[in-house]
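Architecture at a glance
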Amino acid sequence: KLKGCALSVVQVNHIPKPFSWTQEVYGRFLKKSMYKLTGELGAFVSAICRSIDMEPFKFKSVVLNSTEVVDALSDYALAEKFEYILIATRGAGMVKKLFGTHTSRLLASSKIPLIVVPSRYRHRKIKNVIYATDLQNIEREMPDLVNFASPLGAEIQMLYMKLPFEGMSSPA
């Protein structure tokens, strides 16, 4: 099923430099830590695949060191020429709802299409894809949608979104 596909599993961490450390000492520590975290991420993904009886497949584990999760992920995805970003969401608590989640910030800023999967979603075959649109950028968006849905054999349905008074001129 995954023939010809590539999967990168990306984790963004921040490993701060202690003030008393030289840049050289921190660099060595950072290199070791990133190597260890990358291995742990790979083992974690492999364990999940085994637990759901999924056939082993090749994937790339990537750990980025940054305080800015959204910027790091966006920059990496652009540099690697990703076609889609798939991100899970756990549901935000009150503080996150006020200040925004990584997912909501990524949705607002990403130049790459996002697929957001709620944490309670359980896998099943994708048969239908709904395209919610205001028809403003349909010529630009439709090729990406078709490229996503076609390999799945999924039907595309369109939902036209318009506010009740959108497009009406104001009274004179």
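Thresholds applied
- Residues numbered from 1 in each chain as written.
- Predicted model: local features only at pLDDT ≥ 70, side-chain atom pairs only at ≥ 80, totals over all residues.
- Heavy atoms only, no water.
- Helix = DSSP H or I, 4+ residues; strand = E, 2+ residues; numbered from the N terminus.
- Buried < 20%, exposed > 50% of the residue type's maximum accessible area, 1.4 Å probe, protein only.
- Areas by Shrake-Rupley, 256 points an atom, 1.4 Å probe, with all protein chains shown as cover.
- Polar contact = N/O pair within 3.5 Å; in protein donor to acceptor, adjacent residues only side chain to side chain.
- Contact = heavy atoms within 4.5 Å.
- Phe/Tyr/Trp six-rings, centres within 6.5 Å; stacked < 30°, edge-to-face > 60°.
- Salt bridge = Lys/Arg side-chain N within 4 Å of Asp/Glu carboxyl O.
- Core = buried A, V, L, I, M, F, W, Y, C linked by side-chain atoms within 4.5 Å.

1. Observations regarding the overall build of the protein chain
What the protein chain contains, in helices and strands, is 5 helices and 6 strands. Start at the N end of the protein chain and walk to the C end: the helices and strands fall as β-α-β-α-β-α-α-β-β-α-β. Burial analysis of the protein chain (172 residues in total) assigns 21% to the buried set. In the form shown here, the protein chain has an accessible surface area of approximately 13,800 Å², with 60% of it arising from carbon and sulfur atoms.

2. Digging into the side chain of Ser61
With respect to the helices and strands, Ser61 occurs in strand β2 (residues 60–65). A distance of 3.4 Å separates the side chain of Ser61 from the backbone nitrogen of Gly42, its partner in a polar contact. When residues no more than four places from it in sequence are discounted, the contact partners of Ser61 are Val9, Thr38, Leu41 and Gly42.

3. What about the packing of aromatic side chains?
Per the stated rule, a full pass over the model turns up 3 aromatic pairs. Between Trp21 and Phe29, the aromatic rings sit 5.0 Å apart at their centres with planes inclined by 80 degrees, giving edge-to-face as the arrangement. Measuring from centroid to centroid gives 5.6 Å for Tyr76 and Phe82, while their planes differ by 85 degrees, and the two rings are edge-to-face. For Tyr76, a relative accessible area of 12% corresponds to the buried category. Residue classification places Phe82 among the partly exposed residues on the basis of a relative accessible area of 22%.

4. Quick word on the environment of His102
When you line up the elements, His102 lands in helix α4 (residues 102–109). Taking the C-alpha atoms as reference points, His102 and Thr89, 13 residues apart in sequence, are found 8.9 Å from one another. Non-local contacts of His102, meaning those with residues more than four positions away in its chain, are made with Val69 and Val70.

5. Things to note about the pattern of salt bridges
Applying the stated criterion to the full structure yields 4 salt bridges. The partner of Arg28 in a salt bridge is Glu24, with the nearest N and O atoms 2.9 Å apart. Here Arg28 and its partner Glu24 are both found in helix α1 (residues 23–51), 4 residues apart, which amounts to about one turn of the helix. Arg28 sits in the partly exposed class, given a relative accessible area of 48%. On the accessibility criterion, Glu24 (58% relative accessible area) is exposed. Salt-bridge contacts for Glu40 lead to Lys36; the nearest nitrogen and oxygen are separated by 3.7 Å.

6. So, the nonpolar core
Judged by nonpolar contacts, Val9, Ile15, Tyr26, Leu30, Met34, Leu37, Leu41, Val45, Cys49 and Val63 together constitute the single largest core of 10 residues. In terms of residue count, α1 provides more of this core than any other element does, 7 residues in total. Dropping the residues within four chain positions of it, Leu37 is found in contact with Asn13, Ile15 and Val63. Val70, Leu73, Ala77 and Ile87 belong to the second largest nonpolar core, which has 7 residues in total.

7. Notes on the environment of Glu83
Mapped onto the elements, Glu83 comes out in the loop between α2 (69–79) and β3 (85–89). With 29 residues separating them in the primary sequence, Glu83 and Ile112 have C-alpha atoms 6.5 Å apart. Setting aside chain neighbours within four positions, we find Glu83 in contact with Ile112 and Pro113.

8. A look at α2
Taken together, the buried positions of α2 are occupied by Val70, Ala72, Leu73, Ser74, Tyr76 and Ala77. Lys81, located one to two residues past α2, shows a positive phi value of around 60 degrees.

Everything listed is a geometric property; what it means functionally is a separate question.
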